[in-house]
Each structure stands twice: as C-alpha cells, then as structure tokens.
Amino acid sequence: MAAKKVYDYLVIGAGSGGVASARRAASYGAKVAVIESGRFGGTCVNVGCVPKKIMWTAASFADAIGELKGYGFDASIRSPFDWKAVKEKRDAYIVRLNGIYERNLEKEKVEKIRGLAKFVSPHTVEVDGVQYEGKHVLIATGSYAWIPEIPGAQEHGLTSDGFFELDYLPKKVALVGGGYIAVELAGIFMALGSDVTLFIRHDEFLRDFDPVIGATVMETYEAGGMKIIKSSNLYSVENSGDKLKKNLSLTFDVGGSAKKEKKEFGGFEEVIFAVGRRALVDPLNLGVTKIESNDKGYIIADEWQNTAEDKVYAVGDVCGKAMLTPVAIAAGRRLSDRLFGNKPTAKLSYSNIPSVIFSHPTAGSVGLSENEAKKKYGEKDIKIYSSRFTNMHFALTEHKQPTVYKLICAGPEEKVVGLHIVGKGSDEILQGFAVAINMGATKADFDNTVAIHPTAGEEIVTMR
C-alpha cells in the first residue's frame, strides 16, 4: 500500500458545511482535502433548499396566474404546467452549481478525493484502498431521507429526495409527514394543480414552530382544497397498477386511541414520505473511534463542534441540531477560524437562528415560541403582540391569503425574544428583523422605528 497522505485538515463530506469549513481553513494556509462520494454541494444543492426553491417559485407563478384577473389581466392559460421542462432546466442549473462548488475548492487549492471514507483509526480514513490522515478531521456527511418499514411503503413510495426525480406532475398525490419538508412539498403540488392529501400523525403540523404558524398555514391549505388527515398512522401501501402507472391505496389507523379505525385512501399516483432525516454515518466505521452518537443516531458534538474523539469534529445535519444549511456553513467556518485562524473563541451561537418555511404562504420564525418563552421567563413576565390582516397585494384578488404576525417580549424592558410570521413575503421580511432580535432589540426599539408604508412588514413595528 502506498504511503498515506497527511493533511492539516481532512474533511469528510462536500456539502455546504464541509466545503465552507474546508475553504476557510485553506484560506489560512492549511493543507486541506475534502472526501466526497456523491455530487458536490450536499443535500441543499442537490435535493434540498435550491431545487425546492425553484419548484416553490414555479408554484408561486401558478398562484400569481390565479390573481391576474383581479388586476385586469386575461388570466386564461391554455397549456398545462410543463413539469418535465422545468425539471430539465432545474437539473441543468444544479449541475452548474455542482461545478461551481468544485471550482471554488480548486481555487482555494483544496484537494478533492472521490469515494467513501471509512475510519481505520481515529485520524486516518481509507478511500478505495488508499489511506489519508488528518491532523484535524471534520465529519460533515449530512443526513438522508428514509421510508418507514411498513408493508408496501418502501416498494411503492418515494422519499422527499425522490420528489426531485419525478418527471411528471401527479394528478393525485399523497404525502406522509408533518414537518416543514412535507408541508412545503404539499404546497407546491397543490399550487400546481394536483389533488393533494397530507397525512399527519397529530392534529397539527409544523409542531417544532410556534403554534400560530402551523394553524395559519393549515387553515390556508384546507381553504385551498388540500385534504389533511390528522391523527393518522400508516398501516400499509398497495399498488393495483404497475410500476409505470401506479394506482396506490394507503391504509391508515385514523383517530385518537379511543376512536381509532382503519381507513383506506386510494387512487394515488405517488406517495411521498417526508418523515424526517437520519445521520449519514453507517459507512464511516465510527467504532474505531471514541465518537459517540445519541439515541437517534446523530453524532454528539459540543458547542465548539468537538466530538468525544480528540481533534475530530462534526458540523451540520450529521449532528441533528438546527438542521439548516446556513447553520452548517456558519459552524464550519467558525470551526476553521478557531483551528487555523488564530481565533480561539470562535464558535457558532445556536440561539436566535432564523428559519423559513416555503409554504403557500411563506412563514418564518426567529427566537422563542410562546411556550418556550413561558418556560424560560414565566407566563407573567412575557407579553404577546399579534396582528392578523390581509396583505394589500390581495386587495383586488378573489382569493385572499391571511397574514399573521406574532411578537413575543420578555421582562419589564420588553426585550423581543421571538418573532413568528406567516404571509406573503415572510421569507424576505424575516432576515432583517432577525438581526435586530439577535442584537437584543426591545419592543420600544421596534416602536421607535418609522414604518415603511404601505408594506406588510410595517405591521411588525406598529403593533400595540
């Protein structure tokens, strides 16, 4: 066997977090290599944020077509939505991004190693029979979508990743899951004209967010014709068609424990599972290291991204904490700042992380939910400000989406500790307010900010 190569920094995984950390380390003069077995860019670029946003944008145009008549335009569209053409353009765009990721690594003189990495000792991995050692090693392998082991589910169902492999728009589609991925995909299908049924395990979805978000989005979805089957647990999936033209029937236990009954729902062309993601660690052979995982299989890393193995770190989805692309990027860069940039206190704060749901309408959240604020400060020491209105965008349209804003303040100074917004433009509005909240803004600071009129965002600085 050839002598193993030694690097200052060996990064396993060329997703957003791994590439960001590798490039930052290389900018400080470190000798860096990145190992990747798939497409560069990870989940976000290939089967996540980027292609999802493209499909959400397509769906938003479909929404806009329905609004044209109110503003005096002929809204008749003769041709159906061309899913296949959009997919081809979207896939070509992703390929260009893959190339950009690779070229950016080359510009920083980061070596690319193709293949699956397997630890053979705490700081040495093997790829296709060749060994590579890192003085520091970063695990940034991300996560993967999965399908439950339920009769027929894995045989006939798609994961949320599989959504991007579809080359047609299903006339009737089922989605299983109550998190933001299921809600986003359901909204895309509905806006593009599919008959959509969303199956959720509880009576609410988006349960990781403040209740006002899930309640408002669900209200809008149901008003738009989506069928949401609550308190449902999948029992089986059957296909009375064939692989080319499916005719799927899904049997669920529906209802609470006292009134549970089996119900069959049929006629679906596709069923998509968005039931969470799991850490992509199985190929790594972590047993030869001291690295520990939690009960869900995610690598345990502390606030500095340290694992239980000295000089081995983890960032991003593989840690199962705040599984968002910007979080992985920020954590990876700060880790490299600390290791190679002479910034010994550099680390990511995991508080006040803003996140957006690309639903229809969009929703966003930063800071504490109402329940979290009550637990932290006590019910008597928080004050809630809220506003519900119709965005002026819908002044002349027949269909009107709600806009709901909720501001959570704590203490006598009314420090803003949470902001939760639903409505058109929420994805763009939230970023600026996240800065203010991260800086410790109070309700008085918001009140003292002159409103921009007429906008939806002005409501956030005028609530009483």
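Described below are features of the structure shown in this document. Computed from a predicted model, the values in this text were never measured in an experiment.

Definitions and cut-offs
- Residues numbered from 1 in each chain as written.
- Predicted model: local features only at pLDDT ≥ 70, side-chain atom pairs only at ≥ 80, totals over all residues.
- Heavy atoms only, no water.
- Pairing = 2+ DSSP bridges.
- Helix = DSSP H or I, 4+ residues; strand = E, 2+ residues; numbered from the N terminus.
- Axes fitted to C-alpha atoms, helices over the stretch in contact; angles between N-to-C directions.
- Contact = heavy atoms within 4.5 Å.
- Buried < 20%, exposed > 50% of the residue type's maximum accessible area, 1.4 Å probe, protein only.
- Polar contact = N/O pair within 3.5 Å; in protein donor to acceptor, adjacent residues only side chain to side chain.
- Expected span 1.5 Å × (residues − 1).

1. Quick notes on the sheet that holds strand 13 (residues 248-254)
Then comes step 1: If you trace the 3 strands from one edge of the open sheet to the other, you get 12-13-14, paired in antiparallel fashion. Edge positions in the sheet fall to strand 12 (232-239) and strand 14 (261-268), since each has one partner strand and no second. Strand-to-strand twist across the sheet, computed as the mean angle between neighbouring axes with direction ignored, equals 20°.

2. Points about the side chain of T159
Then comes step 1: Position of T159 among the secondary structure elements: in strand 8 (residues 158-159).
Then comes step 2: In contact with T159, not counting residues within four places along its chain, are A145, W146, I147, I272 and F273.

3. Some remarks on the pairing of strand 6 (residues 130-139)
Then comes step 1: Burial runs high along strand 6: 7 of the 10 residues are buried.
Then comes step 2: Pairing of strand 1 (residues 5-12) with strand 6 involves 7 bridges; the strand directions are parallel. Within strand 6, the residue paired with Y7 across the bridge is G134.
Then comes step 3: Connecting strand 5 (residues 124-127) to the antiparallel partner strand 6 that follows it, the hairpin turn spans 2 residues, and D128 within it adopts a positive phi of roughly 50°.

4. Brief notes about the environment of T43
Then comes step 1: Relative to the helices and strands, T43 resides in helix 2 (residues 42-47).
Then comes step 2: Taking the C-alpha atoms as reference, T43 lies 16 Å from S21; in sequence the two are 22 residues apart.
Then comes step 3: Of the polar contacts made by the side chain of T43, one reaches the side chain of R277; its length is 3.4 Å.

5. Structural notes on the side chain of K87
Then comes step 1: Note on placement: K87 falls in helix 4 (residues 83-107).
Then comes step 2: A residue is classified by how much of its surface remains accessible, and K87, at 16% relative accessible area, is buried.
Then comes step 3: Apart from the residues lying within four places of it in its own chain, the contact partners of K87 are F164, E165, L166 and D167.

6. A closer look at helix 8 (residues 325-340)
One turn of an α-helix holds 3.6 residues; hence residues three or four places apart share an orientation.
Then comes step 1: The end-to-end C-alpha distance of helix 8 is 22 Å, a good match for the 22 Å that 16 residues give at a rise of 1.5 Å each.
Then comes step 2: Among all positions in helix 8, only V327, A328, A330, A331, G332, L335, S336, D337, R338 and F340 are buried.
Then comes step 3: Turning to helix 8, the residues buried within the fold contact strand 1, helix 1 (16-27), strand 6 and strand 17 (312-314).
Then comes step 4: Positive backbone phi, at 60°, marks N342, one or two positions downstream of helix 8.

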